[in-house]
Amino acid sequence: MSNTVVEIRTPFHEFEAGFNVIIELITPGTRVLDLGCGTGTLLSRLRDEKDVEGCGVEVDQEKVIRSIERGIRVMTLDLDQGLEGFPDLSYEYVVLSRTLQQLMNPEALVKEMLRVGSKSIITFPNFGHWKLMFEYVVSGRTPISGTHPHPWYNTPDIHRLTIEDFRSFVRQIGAKIEKEIFILNDRPRKEMFWPNRRAEWGCCLISAY
Amino acid sequence: MVDGCSNSQTTSKLYAEFDGIELDSGVFLGPLTVAYETYGRLSASRDNAVLVLHALSGDAHAAGISENGRPGWWDGMIGPGKGIDTNRYFVICSNCLGGCKGTTGPTSINPATSKPYGRSFPRITITDMVNVQVKLIDRLGIESLHSVVGGSMGGMQSLDWASRYPDRVKSAIVIAATARLSPQGIAFNWVGRNAIYSDPIGACGLPEVNSDSVRMGRGLAVARMIGHITYLSEEIMERKFGRKLTLKDMDGTTYSLGENEIGGGEFEVESYLQHQGAKFMERFDEDSYITITKAIDYFDLESQYGDLISAFKSVNAKMLVLSFTSDWLYPTSMSLAIVRSLQALKKDVSFVELDMPYGHDSFLIPAAMPKLTRIMRGFLNGVKHSS
């Protein structure tokens, strides 16, 4: 018997579609804190395209060094430890891109984001997509897809949430969704019929009441 | 234009003479000599100078090969094409005040007695060391530094520069440092000084003199051994030495590692410390050790300014704070205290914690250079000039 080789697909190359959506939401010349900034791709684009004064937070040492090499201001911090030290409302925007589903305690961090920034932008893979649901029901196994590229036993994506999950979560923590954008096939849409079943990614601009 | 030696490998020590300086304590210390080295060329607009600040046992010889064949203490970092690229930057490093490598310190002649100051050398502070560096920078005709870079005690100086000379530093790099030495750090320094105090007074010679023939005590060596334990980590000691014994010949004499002398140590870790202590006896002065460790002990920006927020209020420099996971002498929490105060003031601060096993001394270890090089080069490159 040959072992089944699980192909691990990388999510969205550099997530260009998602970055485009985030960049469009951000007012030029503002201060932006990017949580889980990776190698600083979003922040360097924001600096070049929107004259943004950015700061990144990243826990992976190699990514931190890459960010420094790109001239990005960065902090080596673990998001699961919160945002201690960041003053209240010190940023216009706090961005959490593709990271929400990897946090130990998403609620605690999103509350911290609302404390530190006037507005927060959160993108996450939508587990409610019909293909994933279909595979789940039909095969009875945890699906693997472009948005959820890792097998259950070795994945940083420890939460599997849907767009409806996120909407009710935002209500529950007493915040409001100002804008919603859905990404399907790398194309962002402001309006979408049945997004919870059709969008691959959700992108929300939220703020405290 | 000041000429450095970016192309030649050998470097030579330069000296700047001053009438003197009024110390933090109010005491006037003079005349004052500052030993320094420079690498690279100062640009026509004099805006590419980087001041490198050494740690406790360092000196002005930071890069290149000295006349007697010794590589600089940060030769892996400073040089053409290196992390602090001497093709781009004019790098300056001076021996600190109170040192024993050319700058006025306990081994210098006290004009009042025509004898070395020895233990009567006045009490100095980190602030005094920085004030002496300011005199040197003035003398070199440099108004504003592209960066000040220092590790450990050098990092304390880097912080002091950024706080007190906001208009003269474009950026500051603070490596494995703290805004206030911990009681644990003070304790280790105290034990080190105690080892020196236990030596018969006056037993010690000048560092130029072949030490072992003149010195009766080995207090300085013991102090250095204690220091070395605090600069390493448990993990690196395990990896480097384990419980290995020093190798012995058929007749029982040690033939590798250690000092090949009685008391050279049976375990490899012992002979390593023995070797470090003996080397230090040859190149350092015990009164300098006392003077400098006291300056480190008293460094406390919190008490000096009331709190760290007040200390950093006027900082203009782009800041980079670096710590190492395995540094238990100046642990990450101390770097974070600096970072959080700067953050509270919305200053431009980056914080990098490097996962390295080499302990406090990580920034000096060749194996750490590739990562540190990328960080230095990237950060220095991002420092803008708005003249």
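Please refer to the structure higher up on the page.
Residues numbered from 1 in each chain as written. Chains lettered and ligands numbered in written order. Predicted model: local features only at pLDDT ≥ 70, side-chain atom pairs only at ≥ 80, totals over all residues. Heavy atoms only, no water.

1. Remarks on the overall build of chain B
Here comes step 1: Looking only at helices and strands, chain B features 12 helices and 14 strands.
Here comes step 2: Counting over 387 residues, chain B shows a buried share of 59%.
Here comes step 3: Here the contacts in chain B between residues at least 6 apart in sequence split such that 72% fall between residues at least 24 apart.
Here comes step 4: Split by element, the accessible area of chain B, about 15,600 Å² in all, is 53% carbon and sulfur. (Helix = DSSP H or I, 4+ residues; strand = E, 2+ residues; numbered from the N terminus. Buried < 20%, exposed > 50% of the residue type's maximum accessible area, 1.4 Å probe, protein only. Contact = heavy atoms within 4.5 Å. Areas by Shrake-Rupley, 256 points an atom, 1.4 Å probe, with all protein chains shown as cover.)

2. Re the nonpolar core
All names here are of chain B.
Here comes step 1: Judged by nonpolar contacts, the single largest core of 174 residues is most densely connected at Trp 74, Ile 84 and Trp 161.
Here comes step 2: The biggest single contributor to this core is helix 1 (residues 126-139), with 7 residues.
Here comes step 3: When sequence neighbours within four positions are dropped, the list of residues in contact with Trp 161 reads Leu 51, Leu 53, Val 130, Gln 133, Val 134, Ile 137, Leu 145, Val 148, Pro 166 and Val 169. (Core = buried A, V, L, I, M, F, W, Y, C linked by side-chain atoms within 4.5 Å.)

3. Digging into the side chain of Asn 196 of chain A
Residue and element names in this part refer to chain A.
Here comes step 1: Within the element layout of this structure, Asn 196 appears in helix 7 (residues 195-198).
Here comes step 2: Its relative accessible area of 12% is what places Asn 196 among the buried residues.
Here comes step 3: Within the structure, Asn 196 has its side chain in polar contact with the backbone nitrogen of Glu 164 (distance 3.0 Å).
Here comes step 4: In contact with Asn 196, other than residues within four places in its own chain, are Asn 126, Gly 128, His 129, Thr 162, Ile 163 and Glu 164. (Polar contact = N/O pair within 3.5 Å; in protein donor to acceptor, adjacent residues only side chain to side chain.)

4. Digging into the pattern of salt bridges
Here comes step 1: Taken as a whole, this structure holds 24 salt bridges over all chains when the rule is applied.
Here comes step 2: The closest approach of N and O atoms between Glu 84 of chain A and Arg 340 of chain B, which form a salt bridge, is 3.5 Å. Of the two residues, Glu 84 of chain A is situated in the loop between strand 3 (74-76) and strand 4 (91-97) and Arg 340 of chain B in helix 11 (residues 332-344); the pairing between them involves two chains.
Here comes step 3: Classification of Arg 340 of chain B as partly exposed rests on a relative accessible area of 23%. (Salt bridge = Lys/Arg side-chain N within 4 Å of Asp/Glu carboxyl O.)

5. Re empty space enclosed by the protein
Here comes step 1: The full count for this structure, using the stated rule, is 2 cavities of 30 Å³ or more.
Here comes step 2: There is about 60 Å³ of room inside the largest cavity.
Here comes step 3: For the lining of the largest cavity, the class distribution of residues is 3 nonpolar, 4 polar and 3 charged.
Here comes step 4: The computed volume of the second largest cavity comes to approximately 50 Å³.
Here comes step 5: Lining the second largest cavity are Arg 31, Arg 73, Phe 86, Pro 87, Ser 90 and Tyr 91 of chain A together with Gln 343, Lys 346 and Lys 347 of chain B.
Here comes step 6: A per-class count over the lining of the second largest cavity returns 3 nonpolar, 2 polar and 4 charged. (1 Å grid on protein atoms, 1.4 Å probe; cavity = no way out; pocket = protein on both sides within 12 Å on 5 of 7 lines; lining within 4 Å. Points joined across faces, edges and corners; volume = space filled by probe spheres on them. Nonpolar A, V, L, I, M, F, W, Y, C, P; charged D, E, K, R; others polar.)

6. Quick word on the interface of chain B and chain A
Here comes step 1: Each partner contributes to the interface: chain B provides 21 residues, whereas chain A provides 20 residues.
Here comes step 2: Each partner contributes to the roughly 1,800 Å² buried at the junction of chain B and chain A, and carbon and sulfur atoms together form 51% of this total.
Here comes step 3: For the chain B face of the interface with chain A, the top three residues by lost area are Arg 340, Gln 343 and Arg 374 of chain B, together amounting to 34%.
Here comes step 4: Counting across the chain B and chain A interface gives 9 residue pairs in polar contact (both at pLDDT 80 or more).
Here comes step 5: Broken down by secondary-structure element, the contributors of at least two residues to the side of chain B that touches chain A are helix 11, strand 14 (349-354) and helix 12 (369-381) of chain B.
Here comes step 6: The dominant element in the side of chain B that touches chain A, judged by the number of residues it contributes, is strand 14 of chain B, at 6 residues.
Here comes step 7: Looking at the side of chain B that touches chain A residue by residue, the classes come out as 10 nonpolar, 3 polar and 8 charged. (Buried area = accessible area lost by both parts, 1.4 Å probe.)

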